[in-house]
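Tertiary structure, described
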Amino acid sequence: PAPWLREGESMSFETMLRETAVQVADLETVRSETEHSGVGAAAIKNRVASYQPVMGVDYQCPRCWVLRGAAEPLFTVRILSHEDVYACSACSTEYVAQT
């Protein structure tokens, strides 16, 4: 579970994806990637604010949305008894949903 959750607490996968979008915006790598792409801090903040974890019936990759403004769907990698793993085909980032 996320480090900010107390023992026994859980969060929805959608909430985790929103938190990931915020975290991506704060990473040092974002600064270097956005410097090369010409995307400014204001655009990044707007993307974080407008991020929707679910688009239609698909989960949306928070990294692709924040960095590129691209609505990339996540696909199911595997489903286990205690977690579901999703990945983005555009950036190869994997996300784990605790079940």
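For the structure given in this document, a descriptive report is provided here.

Things to note about the overall build of the protein
The helix and strand inventory of the protein stands at four helices and five strands. Taken from N to C terminus, the helices and strands of the protein fall in the order α-α-α-β-β-α-β-β-β. The buried share of the protein, reckoned over its 99 residues, is 31%. Taking contacts inside the protein between residues at least 6 apart in sequence as the whole, the part at least 24 apart equals 36%. Working note: accessible area of the protein is about 6,200 Å², and carbon and sulfur atoms make up 52% of it.

Section: the sheet that holds strand β3 (residues 74-79)
With respect to topology, three strands assemble into an open sheet ordered β3-β4-β5, the strand pairing being antiparallel. The two strands at the open ends of the sheet, each matched to only one other strand, are β3 and β5 (94-98). Direction aside, the axes of adjacent strands within the sheet are offset by 30° on average. Where strand β4 (residues 83-88) and β5 come together, five bridges link them in antiparallel fashion. Across the sheet, D84 pairs through a bridge with A97, a residue of β5.

Examining the nonpolar core
Judged by nonpolar contacts, the single largest core of 17 residues is most densely connected at F13, L17, C61, L74 and Y95. Where this core is concerned, the elements lending two or more residues are α1 (13-26), α4 (62-68), β4 and β5. Considering every element that reaches this core, the biggest residue donor is α1, with five residues. Beyond its immediate sequence surroundings of up to four residues, Y95 is in contact with F13, M16, L17, T20, C61, P62, R63, L74, D84, V85 and Y86.

What counts as what
- Residues numbered from 1 in each chain as written.
- Predicted model: local features only at pLDDT ≥ 70, side-chain atom pairs only at ≥ 80, totals over all residues.
- Heavy atoms only, no water.
- Helix = DSSP H or I, 4+ residues; strand = E, 2+ residues; numbered from the N terminus.
- Buried < 20%, exposed > 50% of the residue type's maximum accessible area, 1.4 Å probe, protein only.
- Contact = heavy atoms within 4.5 Å.
- Areas by Shrake-Rupley, 256 points an atom, 1.4 Å probe, with all protein chains shown as cover.
- Pairing = 2+ DSSP bridges.
- Axes fitted to C-alpha atoms, helices over the stretch in contact; angles between N-to-C directions.
- Core = buried A, V, L, I, M, F, W, Y, C linked by side-chain atoms within 4.5 Å.

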